[in-house]
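Per-entry structural report
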Amino acid sequence: MILQSKRVLINGEFIPASLHIENGIIANITEYGSDSKALDMGDLLVTPGIVDLHSDALEKEIEPRPNAHFPLEFACRNLDRKLAMAGITTMYHAIGFEENPNKHRNAKLAREQIETLSSMQANNLFLVDNCIHARFEISSLESLEELYYCLDNNLVHILSIMDHTPGQGQFKSIESLANYYRKHHGWSEQSVQELLDKRGQAKDWEALKKLLQRAKAKNIALLSHDDDCKQKLDTLLSLGIHISEFPLSLEVAQYALSKGSITGMGAPNVVRGGSQSGNVSAQDLIKEGACSYLCSDYHPNSMLLAVFEIAKNNPHIPLTQAFAMVTTTPARSVGLHDRGELKEGFKADILVIDDSYIPEVCVCIKNGRSVYSSLAQLSKIA
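Below or above, wherever it landed, is the structure these notes cover. (Residues numbered from 1 in each chain as written. Predicted model: local features only at pLDDT ≥ 70, side-chain atom pairs only at ≥ 80, totals over all residues. Heavy atoms only, no water.)

Looking at where Glu245 falls in the secondary structure, it is placed in strand 11 (residues 243-245). Buried charge without a salt bridge: Glu245, with Arg135 as the nearest opposite-charge side chain at an N-O distance of 5.6 Å. Apart from the residues within four sequence positions on either side, Glu245 is in contact with His54, His133, Ser160, Leu223, Ser224, His225, Asp226, Asp227, Gly264 and Tyr293. (Helix = DSSP H or I, 4+ residues; strand = E, 2+ residues; numbered from the N terminus. Buried < 20%, exposed > 50% of the residue type's maximum accessible area, 1.4 Å probe, protein only. Lys, Arg positive; Asp, Glu negative; His and termini not counted. Salt bridge = Lys/Arg side-chain N within 4 Å of Asp/Glu carboxyl O. Contact = heavy atoms within 4.5 Å.)

Inspection of every chain in the model, using the stated rule, returns 18 salt bridges. Across the pair Arg7 and Asp355 runs a salt bridge, and its minimum N-O distance is 2.8 Å. Taken together, the positions of Arg7 in strand 1 (residues 2-10) and Asp355 in the loop between strand 14 (350-354) and strand 15 (360-366) put the pair 348 residues apart, joining distant regions of the chain. Classification of Arg7 by relative accessible area gives partly exposed; the value is 28%. Between Asp163 and Lys232 there is a salt bridge, with the nearest N and O atoms lying 3.5 Å from each other. With a gap of 69 residues between them, Asp163 in the loop between strand 9 (158-162) and helix 5 (174-185) and Lys232 in helix 8 (residues 230-238) connect regions that are remote in the sequence.

Time to look at the packing of helix 8 against helix 9 (residues 250-258). At a minimum axis separation of 10 Å, helix 8 and helix 9 run at an interaxial angle of 30 degrees. In terms of their interaxial angle, helix 8 and helix 9 are classed as roughly parallel. Like other packed secondary-structure pairs, helix 8 and helix 9 cross with a definite hand, here right-handed. Listed contacts from helix 9 to Lys230, Leu233 and Asp234 of helix 8 are Glu251, Val252, Tyr255 and Ala256. (Axes fitted to C-alpha atoms, helices over the stretch in contact; angles between N-to-C directions. Parallel < 35°, antiparallel > 145°, perpendicular 65-115°, else oblique. Left-handed = near helix turned anticlockwise from the far one by under 90°.)

For Ile241, the location among the structural elements is in the loop between helix 8 and strand 11. Overall, Ile241 belongs to the buried group, its relative accessible area being 3%. Along the chain, Ile241 and Leu212 lie 29 residues apart, while their C-alpha atoms are 8.2 Å from each other. Setting aside its immediate chain neighbours within four residues, Ile241 contacts Ile161, Leu212, Leu222, Leu223, Ser224, Leu236 and Ser261.

Moving on, we come to the pairing of strand 1. Among the 9 residues in strand 1, 7 count as buried, and that is most of the element. Between the end of strand 1 and the start of strand 2 (residues 13-22), which pair antiparallel, lie 2 residues, with Asn11 showing a positive phi angle near 50 degrees. The pairing of strand 1 with strand 4 (residues 39-40) spans 2 bridges and is parallel. Within strand 4, the residue paired with Gln4 across the bridge is Asp40. (Pairing = 2+ DSSP bridges.)

This next bit is on helix 9. Listing the buried residues of helix 9 in full gives Val252, Ala253, Tyr255 and Ala256. Looking down the long axis of helix 9, one finds its buried residues gathered within 160 degrees of arc, a one-sided arrangement. Residues of helix 9 that are buried in the fold lie against helix 8, strand 11, strand 12 (262-266) and helix 11 (282-287). Two residues or fewer past helix 9, Gly260 is found with a positive phi of approximately 90 degrees. (Arc of directions from axis to C-beta.)

Right, let's get into the sheet that holds strand 6 (residues 50-55). Taking strand neighbours across the sheet as the criterion, the 8 strands line up as 6-7-8-9-10-11-12-13 in an open arrangement whose pairing is parallel. Two strands lie at the open edges of the sheet, namely strand 6 and strand 13 (293-295), each paired on one side alone. Taken pair by pair, the neighbouring strands of this sheet meet at an average axis angle of 25 degrees, ignoring direction. Note: strand 9 against strand 10 (residues 221-225), 4 bridges, orientation parallel. Among the inter-strand pairings, Leu159 is bridged to a residue of strand 10, identified as Leu222. Contacting strand 8 (129-137), strand 9 and strand 10, helix 7 (residues 205-217) crosses the sheet at an angle of about 165 degrees to strand 9.

Shown next, in the form of structure tokens:
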């Protein structure tokens with residue numbers, strides 16, 4: 001297949017070009033119009049596929065309403081189709097390792113989800129790459145056995161550390177944490193108190209250090225979550241973590257970058273104009289150059305629109321640079337060097353985007369194959 005457009009994102013700029021695709025790889029890049037057999041996308045944007053390092057969307061696909069559960073494989077397959085439509089060609093599902101029965105999270109369920117996703121991926125049942133981002137709550141030591149099983153069997157691709165101790169991190173006060181579970185999950189006072197007691201226990205830093213060392217030995221990228229102060233960040237950085245997800249202030253984000261770390265924020269925060277939990281605005285961090293990449297967090301469809309919102313609201317950030325925040329930067333951050341750019345020898349993970357109104361994906365190509373298309377002329381692509 002040869003795909004061409006007058007606006008192809010190559011080497012940080014939109015230029016007219018033709019992409020020659022063979023065996024799932026971008027084999028050659030030539031001048032626009034150099035081959036009469038090319039599928040011409042005209043003025044539509046052609047970009048790399050989106051790389052999403054953190055999404056909780058699977059939980060909502062399994063349980064879209066409280067206590068309304070759908071079969072796991074059915075939910076995985078449906079979400080995969082939605083990801084293709086959203087232009088996400090590499091997804092890291094954030095699977096929580098914590099004992100939280102009121103939120104339907106536990107280590108056994110986490111392992112089941114990971115094994116199901118991994119099996120379906122291995123059997124070519126997905127349209128896009130579905131990878132695993134294991135999230136470990138440091139107060140949940142009883143989850144370690146199942147997490148170690150997944151690590152030892154090479155089922156985990158990146159690992160993040162969560163610390164939802166009451167009164168710090170995302171929930172700056174104990175009451176804010178309690179209100180979150182009362183309001184959003186309908187918990188009883190007894191359930192809320194049990195959670196506060198559990199998460200208020202002393203942290204076992206030696207157990208955490210052992211876990212991170214084991215993951216690092218497997219070359220797994222290590223992330224922290226909701227960093228709220230320099231002191232904690234220093235501790236985590238000393239343990240090998242190099243990506244700070246959702247830093248809670250500009251000061252912490254800038255400090256992380258000064259230490260050589262990478263910072264990630266949520267695309268829904270950008271699209272909505274602020275954090276749903278009242279924390280720092282992603283747009284504020286972006287304006288100050290303190291956000292390296294975006295992830296979908298809980299809303300995959302926000303990824304594409306967030307790119308355009310960044311360029312619109314920040315004259316110093318061109319659209320090409322904004323696209324790097326959902327393609328090149330997240331890919332490189334976790335050691336992926338075969339995607340995230342339209343480059344000869346790279347995976348043919350490609351999007352065709354109509355940006356004439358609300359930006360939307362017209363075509364999603366994964367490994368050289370069209371996995372979603374609303375354009376009739378692309379229907380013949382195998």
